[in-house]
Amino acid sequence: MASPKQSETMTADEKGGPPLEEKDKKMSELQEVSSSEDSTIDKAPSIHEEDERSDDSTINDNKKDKPVAPKREQQKAPKHSSPSKKRKTEKKPSTAESNTKSPEKSTEKVETEQKTTKKKKFRSDVQDKILAFFGQELATDRTHVTKKEVAEGCGFASPGTHGFFYAWQDLEKEKKFVAKDGKGPVFHLTDLGKKNIPKGVVLTAHKVDNAGKQEQFLKILVKQCHEAKADKMKLCFDILSDGKVHGIDEFTETTGYANLKSKGLGYAFTHMEKKMAILEKQKGKTYRFTDKCFPEGRPFS
């Protein structure tokens, strides 16, 4: 019989169990399996990490599904300007358009201009002179005269002179004493103006002497009587300027006309006598100027 020490030292082979080498292999395999399980446990993702990955994947999938607009189309899209820029770019209407669009303003300007003209002061004696001049011309059967003649007859240099201009405008526009003739630039007294002709008004023209008055009548004669020739009538006026009585022979010899039946002489004398009242017939076939031609008096008296 074997001793207990010997039995302890008996090999596995002797006891009928597996050899030691095989045990060692199994132990090493078990260790490898446990290490591999630990590594897989460490590498396994958590629940939160899986959720985050799933969210990221869905976002990427959505991005892939949405169509991306091309860059050219985005560049071609029109830019909307702000309202402030539009206001700056709006053109202001021109002065001509504003006048046409707002006729009320133009009428207001006209009314203000008329008011300013009404406010202009003038002397009332100037209007008396204007009416007196018309009355003087009416005495010679001359109903229509120019504004220039009236101004000069009243002692003004021109119709545009301040004192004459506003006095005339008031007579024509406001009082309606003077009216313009449609045939030309001549004026006449209205019925209302004839009723207001003053008496005793002395007219002081540029030339108040006898020569100046006779020169004025000569111009009127040539204008009114077309048969009268200026050069021929100037000779007749020179004869009559002394204020004396002259026979018809003096006029025919000086002018070259045969007699009073000649149109140039007969028509002119009739006009001076009947229309202008500056010539008066004396005994026989003699004539002389009336007192109207001598504001300073007759030379011989």
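Below, the structure is looked at part by part.

What counts and what doesn't
- Residues numbered from 1 in each chain as written.
- Predicted model: local features only at pLDDT ≥ 70, side-chain atom pairs only at ≥ 80, totals over all residues.
- Heavy atoms only, no water.
- Helix = DSSP H or I, 4+ residues; strand = E, 2+ residues; numbered from the N terminus.
- Buried < 20%, exposed > 50% of the residue type's maximum accessible area, 1.4 Å probe, protein only.
- Polar contact = N/O pair within 3.5 Å; in protein donor to acceptor, adjacent residues only side chain to side chain.
- Contact = heavy atoms within 4.5 Å.
- Arc of directions from axis to C-beta.
- Axes fitted to C-alpha atoms, helices over the stretch in contact; angles between N-to-C directions.
- Parallel < 35°, antiparallel > 145°, perpendicular 65-115°, else oblique.
- Left-handed = near helix turned anticlockwise from the far one by under 90°.
- Salt bridge = Lys/Arg side-chain N within 4 Å of Asp/Glu carboxyl O.
- Pairing = 2+ DSSP bridges.

## Looking at the side chain of Thr-290
- Mapped onto the elements of the fold, Thr-290 is located in the segment after strand S6 (286–289).
- Thr-290 sits in the buried class, given a relative accessible area of 11%.
- Here Ala-277 takes part through its backbone oxygen, which lies 3.1 Å from a polar atom of the side chain of Thr-290.
- Once you skip the residues sitting within four places of it in the chain, Thr-290 turns out to touch Ala-277, Ile-278, Leu-279, Glu-280 and Arg-298.

## A closer look at helix H14 (residues 230–240)
- Those residues of H14 lying buried are Met-233, Cys-236, Phe-237, Ile-239 and Leu-240. End-on view of H14: buried residues confined to an arc of 155°, all on one side of the axis.
- Where H14 is buried, its residues touch helix H13 (210–224), strand S4 (246–247), helix H15 (248–255), helix H16 (263–275), strand S5 (279–281) and S6.

## Comments concerning the packing of H14 against H15
- Between H14 and H15, the shortest axis-to-axis distance is 10 Å and the interhelical angle comes to 140°. When the axis of H14 is compared with that of H15, the two are oblique. Classified by chirality, the crossing of H15 by H14 is right-handed. Here H14 contributes Lys-232, Leu-235, Cys-236, Ile-239 and Leu-240 to the contact with H15, which in turn contributes Glu-250, Phe-251, Thr-254 and Thr-255.

## Quick word on the pattern of salt bridges
- Here the structure, examined in full by the defined rule, presents 7 salt bridges.
- For Glu-280, the salt bridge goes to Arg-298, with nearest N and O atoms at 4.0 Å. Separated by 18 residues along the polypeptide, Glu-280 in strand S5 and Arg-298 in the segment after S6 bring together distant segments of the chain.
- The class of Glu-280 is partly exposed, set by a relative accessible area of 24%.
- Each of the salt bridges in this network shares a partner with another, and the network as a whole consists of Glu-280, Arg-288, Asp-291 and Arg-298.

## Thoughts on the pairing of strand S3 (residues 186–189)
- Of the strand pairs in this sheet, strand S1 (residues 145–146) and S3 are connected by 2 bridges, and their pairing is antiparallel. Among the inter-strand pairings, Val-145 is bridged to a residue of S3, identified as Phe-187.

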